[in-house]
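Residues per chain are reported as follows:
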Amino acid sequence: MSTHTATNMKAVPPPIGEAPTPWKVFARVASTIWSNGKARIGIIILGTFILLALLAPLIAPYGASENGFPRSTDASPEHWLGTTAAGEDVLSQLLWGSQISIFVGLVAGLLSTVIAVLVGLSWGYVRGFGADVINFVVNLFLVIPGLPLMIVIAAYLSGGGIGMIIVVVVITGWAWGARVLRSQTQSLRSRDFVTAAVFSGERPFRIVFREILPNMTSLIVGNFFGAATAAILAEAGLEYLGLGDTTIVSWGTMLFWAQNSNALLTGQWALLFAPGLCIALLATSLTLINFGVDGISNPRLREGAKK
Amino acid sequence: MTSHGTEKLLEVLDLSVDYGYGTEATHAVRTVSFSLEHGEFVGLVGESGSGKSTLGFALTGLSKPPAHVTGGRVLLDGVDIASLDAGDLRHQRHGGIAMVLQSGMNALNPVRSIRNHFIDIFKAHGHVARDNWHARAEELVGKVELPKQVLDRFPGELSGGMRQRVSIALALSLEPKLMVFDEPTTALDVLVQHAVMNTIIELQKKERFTAVLISHDLGIVLESAQRVMVMHEGEIVEDGSASDILNNPKDDYTRMLLSHYADPRAEVVELPGFEDRSARTAAGKPRAAAATHAPTVSSRERRTDQKAMVVSNVSKVYPAPRRGESPVTAVDDVSFTLEPGEALALVGASGSGKSTIAKLITAVEKPSSGSIRFGDIDVASLRRSRFRQLHSDVQMVFQDPYAALNPLHTVEYTLTRPVVNFTGLHGQDARRRVLELLDTVGLSPVEEFAAKLPHQLSGGQRQRVVIARALASNPQMIIADEPVSMLDVSLRAGVLALLEDLREQWGVSLLYITHDLLSARVVTDNIMVLNKGRVVESGNTADVLRNPQDEYTVRLLDAIPNPGRKGAA
């Protein structure tokens, strides 16, 4: 029988309008995220970091590995955040290092989201033996503790630089997203429009990626921001442990060298504090943006929406 | 009508309710005024979007954003409901207004026993002495014709009908003067609907509260209420006694609604756009084509290589839902043949196995035993990779047009896919075919409809798109699973007429699955009545419905609300 609730009142046929163009859809999504206070703060922070990373060659006072300065000095007009034990300018390192952190975060986040989408959607759609096999593999990745696995893989692939870090982060980071996307796929696959696509003669591949996938865009975007956050933290963690290429300048290696030179004991708090704060802020900004993305997938979570 | 004289219980003065603000506001209720006397049973009827539920919520002070009252007053015993704050409003729930919702049966807390639901209310209002709690709870469930054992059950252990009865008893526990029933039986099965409605009517007679019954179904309202208000686009277009509305409707809209009701048992059944079927077949003339856009047949001739769907001794057993329970037999030894061009109705209450049969003959599910053949295709053992072969001839129209279209694809994309997959047309040829299909189902201007997304279409238009998609492969057989049950009464005839025209002009055979015997009577030649997976009766539709042999068929027929019955009795 007819589903008749108060919401049906809004089901008055809308006036004839043009189908929204992709650009309009994007503008609407962006304005929804922007309308969320937390997400706005997140976007501003992330935007600032990206801007600083891009402008690093212009605004950094010195080169990242320029080490001809007095060693281990405190903040001064020449070196706003002081210098390292090797005689490098900390502010310059911070600015140059942001390039690596943001790059690794976005690329590793993107790659692990792509894997999560591919695995999660096919896992949710297939039934029987195939699903069991995927289930086994995903569970394997889920139950192995993340950090030890990362360390083992990183040690095995030692000396690979940024590329190696990205590979390690992706291998250990895709499984959770795949699990979430699989549940949503399972709930969507029982919807009538999916059955209707079978009746339209569609192949399973097309059903999964043209019918089901677009209906979970916001979930995937949310998953991307979550994965990027995890990637940034994992990258910093691995490099701090000295598992990456310690010759490149990134926030993680800055922490590694600061720890090596006992920065805290010598009173050079900026060496640890500045990169640590930047990592925390960048991770926070992505998490804050996710609040806004939640508002798209679940309109009831929209804060500050018109009452 | 009432023994309480002219004293008014509820007065509504120029009430208006909007959704949204400013220029985007939807005026759901527009300056409505009426009054209710003590002990009256009033029906409020209208189609979806008419504002009837919004009005019901405004009466009880339960309007939620974005709905908000923009003007007018609701006076209960002379007190303006809008002037009460949340605390006062909660107080007046005792001895004031109670509401029973369509989904009231889902409003029970699954981890608390029914008894605790009653005790929660007694505690909150303190109107029943502690010693008296259990006796009062037993009395209340007794009033809605439930045994007192249900008090110790949990909501999950009760059927939908029983839970809806419990929610009525809960509403009653505060001794309301006014009860608002918002589609109280719509979510229930046909047979249960009838029983719950009878309970409500009896209860109102005994308890003498004032009742407002909100429903989309004029039949139910006319059968139960003394006075009926008809709502259309936010306004009350007619307000009169049930017999006046039935015998002497004044408003065109009321007349239109009434014209869609008929008794499926009558000798001659006619609906707008449909002449009586037996008369029509006898005379060999097609359906009166004036009512809807007649399909264009340019793109295809009547099929000559017709195949029949032969179902023999099919059973489907699902494994036990829980350990220790017995397996569920959804379909039990069913056989039938659907000849080319035939229209067969499959009727039964929910759980009778009719939708399972649809899944079996479309190869979505495999039968446990028996055989299904369509031409030379063995449907029962069809592999997934060969579905296209079957689906190019057998297509399906879904029950819920809101769920059957992908919300993100335009109508053109939705229709292009089966055209490309089944007919091998591409590019401009495929597009021409899509526009032709839209024209066939009466959606013109075709170019404009092709570009639309589902949310820009009404329910009836969506269902036409679903039918167009089913036609894209030039099928020989269409399975329509309750194709009109989600649609408003005034849209139903149009969709049914479309199916009928297609069948007549294209020679498509139709398996029409429904619980609505009236629509089965107007669009099908033959009927099969299913009960618990078994065929209890079959034969010519008109014969079976006019002269039912099985007791179950009789019960189904009795459950149909019939506005004329009360007047005739």
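Residues numbered from 1 in each chain as written. Chains lettered and ligands numbered in written order. Predicted model: local features only at pLDDT ≥ 70, side-chain atom pairs only at ≥ 80, totals over all residues.

Caption draft 1: Layout of the domain arrangement of chain B. Taken as a whole, chain B is organised into domain 1 (40-61 + 91-259) and domain 2 (394-472). Between the C-alpha centres of domain 1 of chain B and domain 2 of chain B the distance comes to 40 Å. (Domains from an automatic or database assignment.)

Caption draft 2: Molecular detail of the sheet that holds strand β16 (residues 394-397) of chain B. Residues and elements named next belong to chain B. Read from one edge to the other, the open sheet built from six strands follows the order β16-β17-β18-β13-β19-β20, with strand pairing classed as mixed. Looking at the sheet topology across the chains shown, the edges are occupied by β16 and β20 (534-540). Pairs of neighbouring strands in the sheet enclose a mean axial angle of 15°, with direction left out of account. Relative to β20, strand β19 (residues 526-531) runs antiparallel, the two sharing six bridges. Bridging across to β20, Asn 531 finds its partner in Arg 534. (Pairing = 2+ DSSP bridges. Helix = DSSP H or I, 4+ residues; strand = E, 2+ residues; numbered from the N terminus. Axes fitted to C-alpha atoms, helices over the stretch in contact; angles between N-to-C directions.)

Caption draft 3: Spatial organisation of the sheet that holds strand β3 (residues 41-45) of chain B. Residues and elements named next belong to chain B. Here six strands make up an open sheet; going across it, the order is β6-β7-β8-β3-β9-β10 and the pairing mixed. The outermost strands of the open sheet, each flanked by one partner alone, are β6 (97-100) and β10 (235-241). Between one strand and the next, the sheet's axes are offset by a mean angle of 15°, whatever the strand orientation. The sheet contact formed by strand β7 (residues 178-182) and strand β8 (residues 210-215) spans five bridges and is parallel. The partner of Asp 182 across the bridge, within β8, is Ile 214. Each of β6 and β7 is contacted by helix α5 (residues 160-172), which is oriented at about 175° to β6, the strand it contacts most. (Contact = placed C-beta atoms within 7 Å.)

Caption draft 4: Examining the pairing of β19(B) more closely. Residue and element names in this part refer to chain B. Most of β19 sits out of view: five of its six residues are buried. Judged from the four bridges that link them, strand β13 (residues 343-347) and β19 form a sheet pairing that is parallel. Counted as the bridge partner of Val 347 is Val 529 from β19. Linking β19 to β20, which pair antiparallel, is a turn of two residues; within it Lys 532 sits at a positive phi near 50°. (Buried ≥ 20, exposed ≤ 12 C-beta atoms within 10 Å, placed from the backbone.)

Caption draft 5: A look at the packing of helix α6 (residues 161-189) of chain A against helix α9 (residues 217-240) of chain A. Residue and element names in this part refer to chain A. Axis separation between α6 and α9 bottoms out at 9 Å; the angle between their running directions is 150°. If you check the angle between α6 and α9, you find them roughly antiparallel. Note that α6 runs across α9; the crossing there is right-handed. Of the residues in α9, those touching α6 at Ile 165, Val 168, Val 169, Gly 173, Gly 177, Val 180, Leu 181 and Gln 184 are Leu 219, Asn 223, Ala 227, Ala 230, Ala 231, Ala 234, Glu 235 and Leu 238. Of the residues belonging to the contact of α6 with α9, the class tally is eleven nonpolar, four polar and one charged. (Parallel < 35°, antiparallel > 145°, perpendicular 65-115°, else oblique. Left-handed = near helix turned anticlockwise from the far one by under 90°. Nonpolar A, V, L, I, M, F, W, Y, C, P; charged D, E, K, R; others polar.)

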